[in-house]
Amino acid sequence: MATTILNGRELAQTLLKEQTEKVAELVRKKGRPPGLAVVLVGEDPASRTYVGSKRDSCRKAGIYAPDINLPVDTPQSVIEEKIDQLNRDPRVDGILVQLPLPKQIVKDEILYRIDPGKDVDGFHPVNVGRLVIGMKTLAPCTPTGIITLLDRYGLSIAGKHAVVVGRSLIVGKPMALLLLARDATVTICHSRTHDLQGETRRADILVAAIGRAHAITKDHVKPGVVVIDVGMNRNAEGKLVGDVDFQGVFPLSSAITPVPGGVGPMTIATLLENTIRAFCLHEGLPHP
Ligand code: GUN
């Protein structure tokens, strides 16, 4: 069976070109670019890299992306004041606070302080609620990017059996809701699922968001499956590896995302998409 490699890196480049044109059009119309404030607290090396990529992509597209870096020992109240200030700032359409936050910080108090109209992560309960209801909303970037990847590769969702492994608020739960909104039949599996292999072997579309290297093997899939690997794990040699044993699963799948170069770049592309949406919302322009 011929297997399609779902090249998120290439698609993200295509989207960046489209977004750059869109941003230029918005500047012509409204006299200012969309703005995204990515807030980094502390010095975690992985977070610094992710935040750097997010800001770089924004700037390439012409989006205003100020550096907001706070020291690791910043008190809760100072971060909250920063959020209040960004909520009021008319140049800022989107706010993203990079996770994880240092341990003295009560994360939810920070995330729920962000104006829901600027919540490009889609983590605020108002936006989660809108997603559950099936309203238009700012939805989390990783699962939204996965839907875009499936759509752009012409892989249909309606009527398919989608199995999502993982129930996090960042990926698993919103992924299941987005697939449901597109008329998939959805199963959510997690660490307490009794017969994981039995469940995953029924999947037409399998989304692995477990956080354990090579947790999904050839014994977890049926022939023809579309496999989406959200995993970003470091193996013993320090190499980035997914939740899926790519070598083993590849021959059985009709389409599969690599790690790296699959889901990761789509997450950033979607962050730009959400920022542009938030801008249109704030400026009273039509938004998709
Ligand atoms: N850390 C890892 N993934 C994410 C994400 O999607 N959003 C934020 N804010 N932090 C993260």
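Since the model is a prediction, treat every value here as computed from it, not as a measurement. (Residues numbered from 1 in each chain as written. Predicted model: local features only at pLDDT ≥ 70, side-chain atom pairs only at ≥ 80, totals over all residues. Heavy atoms only, no water.)

(A) The site of the ligand, seen in detail. Neighbouring residues of the ligand: L96, V97, Q98, L99, D121, F123 and I170. Between a nitrogen atom of the ligand and a side-chain N or O atom of D121, the distance comes to 2.6 Å. Surface burial for the ligand is 80%, taken as the share of its 280 Å² of free accessible area covered by protein chains. In the shell around the ligand, the residues fall into five nonpolar, one polar and one charged. (Near = heavy atom within 4 Å. Polar contact = N/O pair within 3.5 Å; in protein donor to acceptor, adjacent residues only side chain to side chain. Areas by Shrake-Rupley, 256 points an atom, 1.4 Å probe, with all protein chains shown as cover. Nonpolar A, V, L, I, M, F, W, Y, C, P; charged D, E, K, R; others polar.)

(B) The environment of A184, seen in detail. Along the chain, the position of A184 falls in the loop between helix 7 (172-181) and strand 6 (185-189). Counting along the chain gives 20 residues from A184 to D204, while the straight-line C-alpha distance between them is 9.8 Å. Sequence-distant contacts of A184, that is, excluding residues within four places in its chain, are made with I157, A158, G159, K160, A162 and L179. (Helix = DSSP H or I, 4+ residues; strand = E, 2+ residues; numbered from the N terminus. Contact = heavy atoms within 4.5 Å.)

(C) Seen up close, the sheet that holds strand 5 (residues 161-165). Pairing in this open sheet of six strands is parallel, and the strands run 1-11-8-7-5-6 from one edge to the other. On the outer flanks of this sheet lie strand 1 (4-5) and strand 6, each paired with one strand and no other. Examined bridge by bridge, strand 7 (residues 205-208) and strand 8 (residues 225-229) share four bridges and lie parallel to one another. Residue pairing for strand 8: V207 is matched across the bridge by I228. Relative to the sheet, helix 7 contacts strand 5, strand 6 and strand 7, its axis offset from that of strand 5 by approximately 170 degrees. (Pairing = 2+ DSSP bridges. Axes fitted to C-alpha atoms, helices over the stretch in contact; angles between N-to-C directions.)

(D) Structural context of the side chain of T3. Along the chain, the position of T3 falls in the segment before strand 1. The class for T3 is buried, based on a relative accessible area of 18%. For T3, the side chain forms a polar contact with the main-chain oxygen of F250, separated by 3.1 Å. In this structure the side chain of T3 is engaged in a polar contact, spanning 2.8 Å, whose partner is the backbone oxygen of S253. Look past the residues within four positions of T3 in its chain and what remains in contact with it is F250, S253, S254, A255 and I256. (Buried < 20%, exposed > 50% of the residue type's maximum accessible area, 1.4 Å probe, protein only.)

(E) Region of the structure containing the sheet that holds strand 2 (residues 36-41). Reading across the sheet, the three strands line up as 3-2-4 and stay open at both edges, with parallel pairing between neighbours. Where the open sheet ends on each side, the last strands, each with one partner, are strand 3 (67-70) and strand 4 (94-97). Within the sheet, the average angular offset between the axes of one strand and its neighbour, ignoring direction, is 20 degrees. Two elements, strand 2 and strand 3, share four bridges in a ladder whose sense is parallel.

(F) View of the side chain of D119. Inspection of the secondary structure puts D119 in the loop between helix 4 (107-111) and helix 5 (125-133). With no salt bridge to any partner, buried D119 finds its closest opposite charge in R130, at an N-O distance of 9.6 Å. Polar contacts involving the side chain of D119 include one to the main-chain amide nitrogen of F123, which spans 3.0 Å. Of the polar contacts made by the side chain of D119, one reaches the side chain of N127; its length is 2.8 Å. If near-sequence neighbours (up to four positions away) are discounted, D119 is found in contact with I95, I114, H124, N127 and L138. (Lys, Arg positive; Asp, Glu negative; His and termini not counted. Salt bridge = Lys/Arg side-chain N within 4 Å of Asp/Glu carboxyl O.)

(G) Up close: the nonpolar core. Grouped together as the largest cluster of nonpolar side chains are 28 residues, with contacts concentrated most on I146, L179, V207 and I228. Elements that contribute at least two residues to this core include exactly helix 1 (8-30), helix 6 (141-152), strand 5, helix 7, strand 7, strand 8 and helix 10 (263-282). Discounting residues that sit within four places of it in the chain, L179 has contacts with I147, I157, A162, V164, A184, V186 and V207. Counting 21 residues, the second largest nonpolar core, distinct from the first, contains V23, L26, L36 and F279. (Core = buried A, V, L, I, M, F, W, Y, C linked by side-chain atoms within 4.5 Å.)

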